[in-house]
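Residue-level structural notes
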Amino acid sequence: MFVRKKCVAMILAGGQGSRLSVLTKYRAKPAVPYGGKYKIIDFPLSNCVHSGLDTVGVLTQYEPLELNAYIGTGAPWDLDNITGGVFVLPPYMKQERGEWYSGTANAIYQNIYFIERYQPEYLVVLSGDHIYKMDYSEMIDFHVKNKADATIAIIEVPIKEASRFGIMNTDDDLRILEFDEKPQKPKSNKASMGVYVFTWDKLRRFLSCDSQDPKSENDFGRDIIPAMLAQGERLFAYPFDGYWKDVGTLESLWEANMELLDDHPALDLSDSSSRIFSLNPNKPPHFTAAGASIHNSIVSEGCYIYGDVQNSILFPGVVVEKNAKVVDSIVMQETKIMEDSQVYKTILDEEVLVGRGCTIGSEEEITVIGSQVVVKAGTVIAAGSKIGPHDETSKVTCEVVKK
């Protein structure tokens, strides 16, 4: 049974995220853990729920297994209702042919049939790899009020960083006059957040035309938005002044986690009115032994702390043994750091085992150890090293945990 919806949301979650190095070797970027108990995909999914959007498509492609398993039926986000819900949408073989998503616009185009089942007036298109809280219903109201064909959420960024984003110029009424995707010489600092509201009938026509253009990159920023502007469609910018973080690099991911440790963090995860939902393991409360020390850190359920933890974020099930030290680091689920080891400014992925007496990283640059790596006792890993489960490296003696 398909019930007509005023609005359907589509989350683009198929990106490879290669700048996150070994963290995305076997998982899609939206499945990367964050903040001690979340994955990045939790943010757009939770935003949809708080915005009254109960029909959500999640478009996957690169290494989708972990993300698919995590989303499941959508129950943690209350997206398991019978008249809508959350749907994982990978590329698939059609009657005439099948193909990978060739761009953000093509990903939506290949799922027109899914969208049409609900006959929406509006379509919300979201990136699955940003950390922020936002009420999309307010943006939809803005779109309707302005009789817009497309509305793009914008945030002001430092002008020196503007070339990383889609940049637009607007008039005093916020109607978009110009749009440049990652310009070398940006004319403004109004950056696209990768959050769009479209009038569906209009967008569908542009998607269809774009699919027939052999020169198109099938991308919203490079093709669809410029085409709509060129044909005089009504495009508006929707200003956003809250916390928003593109965690596309190791540095930005580490910074986003460390910002949670500020006395008054810009992103308030404790606000029950805009709670971020997640699929959490069922763990007992964390344990802190006599003589252990925890300072300015987030320690999740199921952790056992016998050593020293400073300015760090520990996910569920982490063990820090006696005389071990963890500083300025992110330690993901079920990782164990054995006696007398020291870990500085490092991201340890899930199920890593750090043997006795190891030294990993320094305060200089971020070190990353991929999931299920065993670091043998006494190993020294230089700052900035990036070690994945199947990497061969002369910097460290390591082996993969056999499943």
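Description of the structure in this document.

Thresholds, definitions, all that
Residues numbered from 1 in each chain as written. Predicted model: local features only at pLDDT ≥ 70, side-chain atom pairs only at ≥ 80, totals over all residues. Heavy atoms only, no water. Helix = DSSP H or I, 4+ residues; strand = E, 2+ residues; numbered from the N terminus. Rg over C-alpha atoms; globule rule 2.2 N^0.38 Å. Buried < 20%, exposed > 50% of the residue type's maximum accessible area, 1.4 Å probe, protein only. Contact = heavy atoms within 4.5 Å. Areas by Shrake-Rupley, 256 points an atom, 1.4 Å probe, with all protein chains shown as cover. Lys, Arg positive; Asp, Glu negative; His and termini not counted. Charge placed at Lys NZ, Arg CZ, Asp CG, Glu CD. Salt bridge = Lys/Arg side-chain N within 4 Å of Asp/Glu carboxyl O. Disulfide = S-S within 2.5 Å. Pairing = 2+ DSSP bridges. Phe/Tyr/Trp six-rings, centres within 6.5 Å; stacked < 30°, edge-to-face > 60°. Lys NZ or Arg CZ within 6 Å of the ring centre and 35° of its normal. Patch = residues over 30% accessible without salt bridge, like charges linked within 9 Å, V, L, I, M, F, W, Y side chains within 5 Å. Core = buried A, V, L, I, M, F, W, Y, C linked by side-chain atoms within 4.5 Å.

1. Remarks on the overall build of the chain
When helices and strands are counted, the chain shows eight helices and 32 strands. Taken over the C-alpha trace, the chain has a radius of gyration of 22 Å; the compact-globule value for 403 residues is 22 Å, and the two agree within 12%. With respect to the principal axes defined by its C-alpha atoms, the chain has extents near 65 × 50 × 40 Å. Of all 403 residues assigned to the chain, the portion counted as buried reaches 54%. Looking at the chain alone, contacts between residues at least 24 apart form 53% of all its contacts between residues at least 6 apart. Split by element, the accessible area of the chain, about 18,100 Å² in all, is 47% carbon and sulfur. Charged side chains in the chain number 41 positive and 55 negative. The centres of these two groups are separated by 3 Å.

2. Some points on the pattern of salt bridges
Applying the stated criterion to the full structure yields 17 salt bridges. We note a salt bridge from Glu350 to Lys39, for which the minimum N-O separation is 3.8 Å. Of this pair, Glu350 sits in the loop between β25 (346–348) and β26 (353–354) while Lys39 sits in strand β3 (residues 38–39), placing them 311 residues apart in sequence. Glu350 gets classed as buried once you look at its relative accessible area, which sits at 18%. Between Asp149 and Lys202 there is a salt bridge; the shortest N-O distance is 3.1 Å. In this pair, Asp149 sits in the loop between α5 (136–145) and β8 (150–156) while Lys202 sits in helix α6 (residues 200–211), placing the two residues 53 residues apart along the sequence. Just as Asp149 is buried, Lys202 falls in that class too. Through salt bridges with shared partners, one network takes in Arg27, Lys39, Glu66, Asp349 and Glu350.

3. Remarks on the state of the cysteines
Here, disulfide denotes a covalent bond that connects the sulfur atoms of two cysteines. Scanning the model with the defined rule gives zero disulfides in all. Among the cysteines around Cys7, which has no disulfide bond, Cys48 carries the closest sulfur, lying 8.6 Å off. No disulfide involves Cys303; its sulfur sits 20 Å from the nearest other cysteine sulfur, which is in Cys358. Given a relative accessible area of 0%, Cys303 falls into the buried group.

4. As for the pairing of strand β10 (residues 176–181)
Direction of pairing for strand β9 (residues 166–170) relative to β10: antiparallel, over a ladder of five bridges. Its bridge partner lying in β10, Asn169 is registered against Glu178.

5. Some thoughts on the sheet that holds strand β30 (residues 380–381)
Think of a sheet as strands paired side by side through backbone hydrogen bonds, with each pair either parallel or antiparallel. The strand order across the open sheet built from six strands is β15-β18-β21-β24-β27-β30, with neighbouring strands paired in parallel fashion. Of all strands in the sheet, those bounded by a partner on one side alone are β15 (293–295) and β30. Looking at chain direction, β15 and strand β18 (residues 308–310) are connected through three bridges and run parallel. Note that in β18 the partner of Ser293 across the bridge is Asp308.

6. Considering the sheet that holds strand β22 (residues 330–331)
A sheet is described by the order of its strands in space; here six strands give the open sequence β16-β19-β22-β25-β28-β31, paired in parallel fashion. Edge strands, defined here as strands with exactly one partner in the open sheet, are β16 (298–299) and β31 (386–387). The pairing of strand β19 (residues 313–314) with β22 spans two bridges and is classified as parallel. The partner of Ile313 across the bridge, within β22, is Ile330.

7. Notes on the packing of aromatic side chains
Aromatic ring pairs are described here by two measures, namely the spacing of the ring centres and the angle between the planes. Applying the stated criterion across every chain yields a total of 13 aromatic pairs. Ring centres of Phe142 and Tyr238 lie 5.2 Å apart, and the angle between their planes is 65 degrees; on these two criteria the pair is classed as edge-to-face. Taken as a pair, Phe142 in helix α5 and Tyr238 in strand β12 (residues 235–239) lie far apart in primary sequence, 96 residues in all. A single burial state applies to Phe142 and to Tyr238, both of which are buried. Aromatic ring contacts, followed pair by pair, group Tyr34, Tyr38 and Phe43 into a single cluster. Against the face of Tyr70 rests Lys39, its NZ or CZ located 5.4 Å from the ring centre.

8. Quick word on the pairing of β9
Counting buried positions along β9 yields five of five residues, so the element is predominantly enclosed. Of the two faces of β9, the one holding Gly166, Met168 and Thr170 and the one holding Ile167 and Asn169 are both buried throughout. Adjacent in sequence and paired antiparallel, β9 and β10 are bridged by five residues, among which Leu174 carries a positive phi angle near 70 degrees.

9. Observations regarding the side chain of Gln110
As for its position among the elements, Gln110 is in the loop between α3 (104–109) and α4 (112–116). Under the relative-accessibility criterion, Gln110 is labelled buried at 6%.

10. Focus on a nonpolar patch on the surface
A grouping of Phe287, Tyr304 and Tyr306 is seen on the molecular surface, where their side chains present a nonpolar patch of about 270 Å² in accessible area. Turning to its location among the elements, Tyr304 is positioned in strand β17 (residues 304–305).

11. With respect to the nonpolar core
Ranked by size, the top nonpolar core spans 43 residues in total, and within it Leu45, Val56, Val58, Met134, Met193 and Val195 carry the most contacts. Not counting the four nearest positions on each side in its chain, Met193 is found in contact with His130, Tyr132, Met134, Ala153, Ile154, Ile155, Phe240 and Trp244. Residues Leu123, Tyr196, Leu203 and Phe206 belong to the second largest nonpolar core, which totals 34 residues.

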